[in-house]
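# Coordinate analysis (summary)
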Amino acid sequence: MTGLDGKIALVTGGASGIGRATARAMAANGATVVIGDRNLDGAEETARGSAGRMQAMALDVTDEAQFAEVMSTIEQRHGRLDILFNNAGAGGTPLGIADMEMAAWDATMSLLLGSVALGTKLAVPLMKKAGGGSIVNTASVAALSAGNAPLAYSVAKAGVLHFTKVAAAELARHNIRVNAICPGLILTGIFTASYAAEQPELAAEMQEYLTHTAPFTQPLRKPGMPEDVAQVVMFLASNAAAFVTGAHLLVDGGLMVGPRHSWDPDFQRPPDHPLNKMQAG
């Protein structure tokens, strides 16, 4: 991977999952990485053993004052920011529209969409100092179709995709690129985080189930891992993607290529399906 030597990067949500894998990969490829997470212990665990290549900071991405303070510290320590990975997030409210509590809706939007806008806004002055930069936002396959995640999460991630395009258009004049990734089923703790503390046995059972079934969820018969996503983020952040902006890349093992019958040879239609007669004829 080229283009990360000497770069200054901020990874939000770097205490676990995709953020942790990306922070470690960036540091291993020459970047100095600031890890922002409200789970400071987890962020420090990510940074441990990096010989100073990673620095942990407490960061609630929905808190504008705290986000601004982190950016100010980066400016004081490093003088600029080259890469921002807007990654922090959680599942948000699981409720559908009929039962939606608007306070929970607003909280989900603030975490998954508002924080992306806030982080981008605060990064621009530091990236201008650097002569440009790269912003990568975590969206999701849930942004592209129904049925992949709860309502509020899906709508927020769709907002991330459109924000990415509009911000890319606005910031290109400053040599700041803005792109997004759309992960599919990636084996992180996001699926069990909401009840892991109160029902750890259920969370462990759910995680085991996901680990077992993940390879059969999409055409590529392997589980999606945080490291798979990290490699794509590094590409978008690096000079190798110098002519890429306003784009989103699927990191989903082919999940979104088409309906299951298009890629699963064991897929069985109902016996009375008309296509069965057409193919038989």
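Within an unreviewed UniProt entry, the label attached to the protein chain reads SDR family oxidoreductase, and the organism entered is Verticiella sediminum. Quoted verbatim from the Sequence similarities (unreviewed entry) field of the UniProt record, the comment on the protein chain reads "Belongs to the short-chain dehydrogenases/reductases (SDR) family."

What follows deals with the overall build of the protein chain. Across its full length, the protein chain carries 8 helices and 7 strands. Here the protein chain holds 281 residues, and the buried ones make up 45% of them. Look at the contacts in the protein chain between residues 6 or more apart in sequence, and 67% of them connect residues 24 or more apart. As presented, the protein chain carries roughly 13,700 Å² of accessible surface, and 56% of it is formed by carbon and sulfur atoms.

A rise of 1.5 Å per residue sets the reference length of helix H4 (residues 102–129), with its 28 residues, at 40 Å; its end C-alpha atoms lie 40 Å apart and thus fit the reference within 8%. Of all bends in H4, the biggest is about 45 degrees, found at Gly114. Following H4 by one or two positions, Gly131 has its phi on the positive side, about 85 degrees.

Once that is clear, we can look at helix H5 (residues 151–171). If you check H5, its first and last C-alpha atoms are 30 Å apart, about what 21 residues at 1.5 Å a residue would give, namely 30 Å. Within H5, the full set of buried residues consists of Ala152, Tyr153, Ser154, Ala156, Lys157, Val160, Leu161, Thr164, Ala167, Ala168 and Leu171. Packing partners of the buried residues in H5 comprise H4, strand S5 (133–138), strand S6 (176–183) and strand S7 (248–251).

For the rest of this paragraph, the subject is the environment of Ser154. Structurally, the position occupied by Ser154 is in helix H5. Along the chain, Ser154 and Ala139 lie 15 residues apart, while their C-alpha atoms are 9.0 Å from each other. Those residues in contact with Ser154 that sit more than four places away from it in its chain are Ala142, Ala143 and Ala149.

Here Ala51, not a glycine, exhibits a phi torsion of approximately 55 degrees, which is positive. Assignment of secondary structure puts Ala51 in the loop between helix H2 (40–47) and strand S3 (54–58). With a relative accessible area of 79%, Ala51 lands in the exposed category. Its identity is not glycine, yet Asn175 carries a phi of approximately 60 degrees, on the positive side. Residue position: Asn175 is located in the loop between H5 and S6.

What follows deals with the pattern of salt bridges. Counted under the stated rule, the structure contains 6 salt bridges. A salt bridge links Arg48 to Glu45; the shortest N-O distance between them is 2.2 Å. As a salt-bridge pair, Lys129 and Glu75 come within 2.4 Å of each other at their nearest N and O atoms. Placement of Lys129 in helix H4 and of Glu75 in helix H3 (residues 64–78) is noted, with a sequence separation of 54 residues between them. You can call Lys129 exposed: its relative accessible area is 55%. Take Glu75: its relative accessible area is 29%, and that puts it in the partly exposed class. Several salt bridges converge on common partners, so that one network encompasses Arg221, Arg260 and Asp264.

What follows deals with the nonpolar core. Side chains that are nonpolar tend, in soluble globular proteins, to be buried together. Judged by nonpolar contacts, the single largest core of 34 residues is most densely connected at Leu10, Phe67, Met71, Ile74 and Leu81. Those elements that provide at least two residues to this core are strand S1 (8–12), H3, H4, H5 and S6. For this core, the element with the highest residue contribution is H4, accounting for 10 residues. Within the second largest apolar cluster, 27 residues are counted, among which are Ala23, Met26, Ile186 and Met234.

Moving on to the sheet that holds strand S4 (residues 83–86). Sheet architecture is open: 7 strands sit in the order S3-S2-S1-S4-S5-S6-S7, paired in parallel fashion. Of all the strands in the sheet, the pair left with one neighbour each is S3 and S7. Averaged over all pairs of adjacent strands, the angle between their axes in this sheet comes to 20 degrees, without regard to strand direction. Where S1 meets S4, 3 bridges bridge the pair, whose relative direction is parallel. Bridging across to S4, Ala9 finds its partner in Ile83. Lying on the sheet, H2 is in contact with strand S2 (32–37) and S3; it crosses S3 at an angle near 180 degrees.

What counts and how
Residues numbered from 1 in each chain as written. Predicted model: local features only at pLDDT ≥ 70, side-chain atom pairs only at ≥ 80, totals over all residues. Heavy atoms only, no water. UniProt positions renumbered as here; feature names shortened; annotations may be inferred. Helix = DSSP H or I, 4+ residues; strand = E, 2+ residues; numbered from the N terminus. Buried < 20%, exposed > 50% of the residue type's maximum accessible area, 1.4 Å probe, protein only. Contact = heavy atoms within 4.5 Å. Areas by Shrake-Rupley, 256 points an atom, 1.4 Å probe, with all protein chains shown as cover. Expected span 1.5 Å × (residues − 1). Bend = angle between axes of the 7 residues up to and from the residue. Salt bridge = Lys/Arg side-chain N within 4 Å of Asp/Glu carboxyl O. Core = buried A, V, L, I, M, F, W, Y, C linked by side-chain atoms within 4.5 Å. Pairing = 2+ DSSP bridges. Axes fitted to C-alpha atoms, helices over the stretch in contact; angles between N-to-C directions.

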